[in-house]
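# Coordinates in review
Listed here are the chains, written in short residue letters.
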Amino acid sequence: MSAAPDAEAGQRWTVVIPVKAPAAGKTRLTPAVADAARAELARAFALDTIAAARAAASVDRVIVVGDDSDLADGAEFLVEPGADGDATAERGLLPAIRHGVAHARSASPVAVAVLLGDLPGLRPEELERALDAASRHPLAFVRDADGTGTTLATAGTGVAFDPRFGPGSAERHAAAGFVELAASDAPGLTRDVDTVDGLETVLHHGVGDHTAEVVARLADRKGTT
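Summary of the structure given here. (Residues numbered from 1 in each chain as written. Predicted model: local features only at pLDDT ≥ 70, side-chain atom pairs only at ≥ 80, totals over all residues. Heavy atoms only, no water.)

## Description of the packing of aromatic side chains
In total, this model carries 1 aromatic pair according to the counting rule given. Summarising the aromatic geometry, the rings of Phe161 and Phe178 are spaced 6.2 Å apart at their centres and angled 45 degrees between planes, so their arrangement reads as tilted. Remark: Phe178 occurs in the loop between helix H4 (169-175) and strand E7 (179-180) and Phe161 occurs in the loop between strand E6 (150-155) and H4; sequence separation between them is 17 residues. (Phe/Tyr/Trp six-rings, centres within 6.5 Å; stacked < 30°, edge-to-face > 60°. Helix = DSSP H or I, 4+ residues; strand = E, 2+ residues; numbered from the N terminus.)

Here it is as structure tokens:
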């Protein structure tokens, strides 16, 4: 990721990570992966993503938005809309993200990054490089390895932020004025895991401790059956 002369030195970030409940997450891993194993993997993916974000040097605050506080793993936890029993609340990824962004900026107009919670291969230095590059632009995003989705979207301090996550989000972010950041040197940041093939690919590049432990345990179980 190349530098620019107008870079904002020392930009500090709040990272919002939306996390779906493990039992409901990663449904595209079925039927190849049993429900219990799928939930274990989804939880591990989230924990490794959160750990990497917390370890990134320019990240001051990590906010996990979801309905399971155990997933925060030392980060700040924010209950997603509707998880508290409010039947009128809009549910889903975008409402959770908007809730997290609003909470992040409730006290001051900080720089905010939204990071998907299924990046088990993410390394702190990959996120750090991306955030450093993002600090040079009011709005920025990282395209996923498949080319159509988004794994990271950012807004500088005081910049209005309306992330466009969901199907076809990469083109929608670009159309909305988000600058695409080069991330070919960051496989952990671009490879979110939705399928068994995706998991095999990210395992080749290397994963965090939580995912490695679950994969090893599942392999042991399979070997004894």
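## Side note on the environment of Ala186
For Ala186, the position within the fold is in the loop between E7 and helix H5 (187-190). Expressed as a C-alpha distance, the spacing of Ala186 and Glu126, which sit 60 residues apart in the sequence, is 5.5 Å. The contacts of Ala186, once residues within four sequence positions are left out, are Glu126 and Arg129. (Contact = heavy atoms within 4.5 Å.)

## Details of the pairing of strand E4 (residues 111-115)
With respect to burial, E4 is a largely interior element, 5 of its 5 residues being buried. Burial along E4 is two-sided: Ala111, Ala113 and Leu115 facing one way and Val112 and Val114 facing the other are all buried. Judged from the 4 bridges that link them, strand E1 (residues 13-18) and E4 form a sheet pairing that is parallel. Paired with Trp13 across the strands is Ala111, a residue of E4. Summarising the sheet, E4 and E6 pair through 4 bridges and their orientation is antiparallel. (Buried < 20%, exposed > 50% of the residue type's maximum accessible area, 1.4 Å probe, protein only. Pairing = 2+ DSSP bridges.)

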